[in-house]
Amino acid sequence: MTATTGPMTATTREAHGANAASAQGSVTAAEFDGPRVEVRDDQGWFTVCGLDDLTPGRGVAALLRDGSQAAVFVDRAGRTYVIGNRDPFTGAYVLSRGLLGSAPGDPAATEAPETGHSGSTPFVASPLLKQRFDLRTGRCLDDGTVSVPVFRSRTR
């Protein structure tokens, strides 16, 4: 799915897939067969895409209600992550096109087995300059002074 700019109409939603959330509102849950990924903002939970729209290890871009873009991912274990789509190093909206991976040696993950990451940090590598962003915190693993927004998400 490609991200769009400006409010989505029925025509642009159809052209970009039913899983693109509108800046004026969200796609309704009734538009999805099966599980969907929801994001929480200051107005509450809203659907950004169907879980079936995601391929493990790859991302999609979604337009949030405030007009900003998010990158939505699902890993091979079925965990979903939603971060800002803008690469802070280049300004390009491309993080959804990055590749997922995991970096070893995160002490916080080692001490918190409920994360299911067995001491590794799940990340997305930007397709442009290859900086890696922690999918749980948004922190850049290559430059600790840089981060991207992380959005609370759930699958229902």
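In the block above lies the structure referred to throughout.
Residues numbered from 1 in each chain as written. Predicted model: local features only at pLDDT ≥ 70, side-chain atom pairs only at ≥ 80, totals over all residues. Heavy atoms only, no water.

Turning our attention to the sheet that holds strand β5 (residues 80–84). Across the sheet, 4 strands lie side by side as β3-β4-β5-β9; this open sheet has antiparallel pairing. The sheet terminates laterally at β3 (59–63) and β9 (150–151), the two strands that pair on one side only. Across 5 bridges, the pairing between strand β4 (residues 69–74) and β5 is antiparallel. Note on β5: the bridge partner recorded for Val72 is Val82. (Pairing = 2+ DSSP bridges. Helix = DSSP H or I, 4+ residues; strand = E, 2+ residues; numbered from the N terminus.)

Take the side chain of Arg36 next. Within the secondary structure, Arg36 is located in strand β1 (residues 36–41). Note on Arg36: relative accessible area 18%, which makes it buried. A distance of 3.3 Å separates polar atoms of two side chains, one belonging to Arg36 and the other to Thr47. (Buried < 20%, exposed > 50% of the residue type's maximum accessible area, 1.4 Å probe, protein only. Polar contact = N/O pair within 3.5 Å; in protein donor to acceptor, adjacent residues only side chain to side chain.)

Further remarks concern the packing of aromatic side chains. All chains considered together, the criterion is met by 1 aromatic pair. A ring pair is formed by Phe89 and Phe133, whose centres lie 6.2 Å apart and whose planes are at 45 degrees; its orientation type is tilted. With a gap of 44 residues between them, Phe89 in the loop between β5 and β6 (99–104) and Phe133 in strand β8 (residues 132–134) connect regions that are remote in the sequence. Exposure remark for Phe89: the relative accessible area of 30% places this residue in the partly exposed category. The side chain of Arg132 reaches across the aromatic face of Phe123, ending 5.4 Å from its centre. (Phe/Tyr/Trp six-rings, centres within 6.5 Å; stacked < 30°, edge-to-face > 60°. Lys NZ or Arg CZ within 6 Å of the ring centre and 35° of its normal.)

By size, the foremost hydrophobic cluster in this structure holds 13 residues, and its most contacted members are Val37, Val48, Cys49, Leu54, Val72 and Val82. Elements supplying a minimum of two residues to this core: β1, β2 (44–50), β3 and β4. Judged by nonpolar contacts, the second largest core, of 11 residues, contains Ala71, Phe73, Phe133 and Val148. (Core = buried A, V, L, I, M, F, W, Y, C linked by side-chain atoms within 4.5 Å.)

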